[in-house]
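A structural walkthrough
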Amino acid sequence: MLLASAAAVSAGQKRLVLIDQDGSGPGGSNQMAMLALLQAPQVEVLGITMVTGNAWRDEETLHTLRMLELTRHDRVPVARGAVFPLVRTEEETRLAEALNGKVAWLGAWGQGQTMLVETGGGVKPVTPEHLESHGPYEVPPMPEGMPATKAIDEDAAHFLIRQVHAHPHEVTIYAAGPLTNIALAVRIDPEFAALTKGIVMMGGSLNPQTDDPEFATSPRHEFNFWLDPEAAHIVLRADWPRVDVTTVDVSIKAPFTEKMLDEISKSHTPAGQYIAAWSQSRYYLWDELAACAWLEPKLITQEKVVYMDVDVSHGPTYGDTLTWTEKFKPATGVRLVHAQVDLDLARFQKLFVDLMTGASE
């Protein structure tokens, strides 16, 4: 069961959240992270906005709509957002790779990310030899079936703004993909960020201890910030009441294990059956941890309060995470964030499994 304090929250006191996600699928980390919030009894998800990231926006939207149907959450509205980053382009990125070296994970521009193989000594990252990609408006066959429901007509940025104004100072923004939609909302409405309760994001990297090829020689690289650096730069400097960042440092300590899948698969809940059918791949629980840490902050056992920004210089480190202490920060409006770096793994795993199996209700 969830902690008694959380379970005791009445329906009239539900915590409000807007999900902004790059919902690749079927199954996988993006969909499971949304389910963590959708399944939480003390939370009301006001809506989901989609952004290109791990996959293109249109296919993500369809996978998310179908997930909502299969898990019986299909009353939650879904709004389509940005198809492309604000500035970075695929062509520019291909040219930069020739000069600066290749990037391990390109998201929609080159699908085939690192996976984890469980061994007796833990988990080992394995990167595929060949990457697959397709055009931004192509939707590959959907093995879980096409959704009957559709996205709403309103675009993501305006939907986010409208919901925050309808519930001033009550809504948390949960942003677990590239930050394009959030940056557009910030630029359209100067009051948007300040009218929220804060933002929770999966992004950034400080100094992860790993042999994963995506980070071992590029410790400040992280995909969500990297794909749209200008958006991350805008969002990190906005006037949020609080900023919580689930970094690579903590995410790589939380793999999705076979034991967790086995426990979830035994459940007859729609969420459990969805995961059993479509979340067979092993990887880190990036976005799930960001969601669960918002649900239960005590999961995080160590954080660093730092000034954070993103390199937008278009050089070799374009998109890398920048941080400073108070003494060394620049005089350019950088803001403090709570950067998570360690967790209570057993507690997190139990919470996530409980949410997927209905034990939290």
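Residues numbered from 1 in each chain as written. Predicted model: local features only at pLDDT ≥ 70, side-chain atom pairs only at ≥ 80, totals over all residues. Heavy atoms only, no water.

This next bit is on the pattern of salt bridges. Side-chain pairs of opposite charge can arise whenever the charged atoms involved come near each other. Enumeration according to the criterion identifies 10 salt bridges in this entry. Residue Asp244 is joined to Arg242 by a salt bridge in which the shortest nitrogen-to-oxygen separation is 2.8 Å. Accessibility expressed as a relative area gives 14% for Asp244, which makes it buried. Using a relative accessible area of 37% as the deciding quantity, one classes Arg242 as partly exposed. A salt bridge links Lys253 to Asp342; the shortest N-O distance between them is 3.5 Å. Within this pair, whereas Lys253 is found in the loop between α9 (248-251) and α10 (258-265), its partner Asp342 is found in strand β11 (residues 335-343), the two being separated by 89 residues in sequence. Its relative accessible area of 36% is what places Lys253 among the partly exposed residues. Residues participating in the shared-partner salt-bridge network are Arg57, Asp58 and Arg80. (Salt bridge = Lys/Arg side-chain N within 4 Å of Asp/Glu carboxyl O. Buried < 20%, exposed > 50% of the residue type's maximum accessible area, 1.4 Å probe, protein only. Helix = DSSP H or I, 4+ residues; strand = E, 2+ residues; numbered from the N terminus.)

Moving on, we get to the confidence of the model for the protein. Confidence in the prediction of the protein, expressed as mean pLDDT, is 91, and 90% of residues score 70 or more. Long-range and interchain partners of residues 1-11, a stretch whose pLDDT sits below 50, account for 14 contacts in this model, where long-range means more than four residues apart. (pLDDT = per-residue confidence, 0-100. Contact = heavy atoms within 4.5 Å.)

Most of strand β7 (residues 198-202) is tucked away: five of the five residues are buried. Here β7 shows no split at all, with Gly198, Val200 and Met202 on one side and Ile199 and Met201 on the other all buried. As defined by bridge partners, strand β6 (residues 171-175) adjoins β7 across four bridges and the pair is classed as parallel. Note on β7: the bridge partner recorded for Ala175 is Met201. Where β7 and strand β8 (residues 243-246) come together, four bridges link them in parallel fashion. Bridge pairing in β8 links Ile199 to Val243. (Pairing = 2+ DSSP bridges.)

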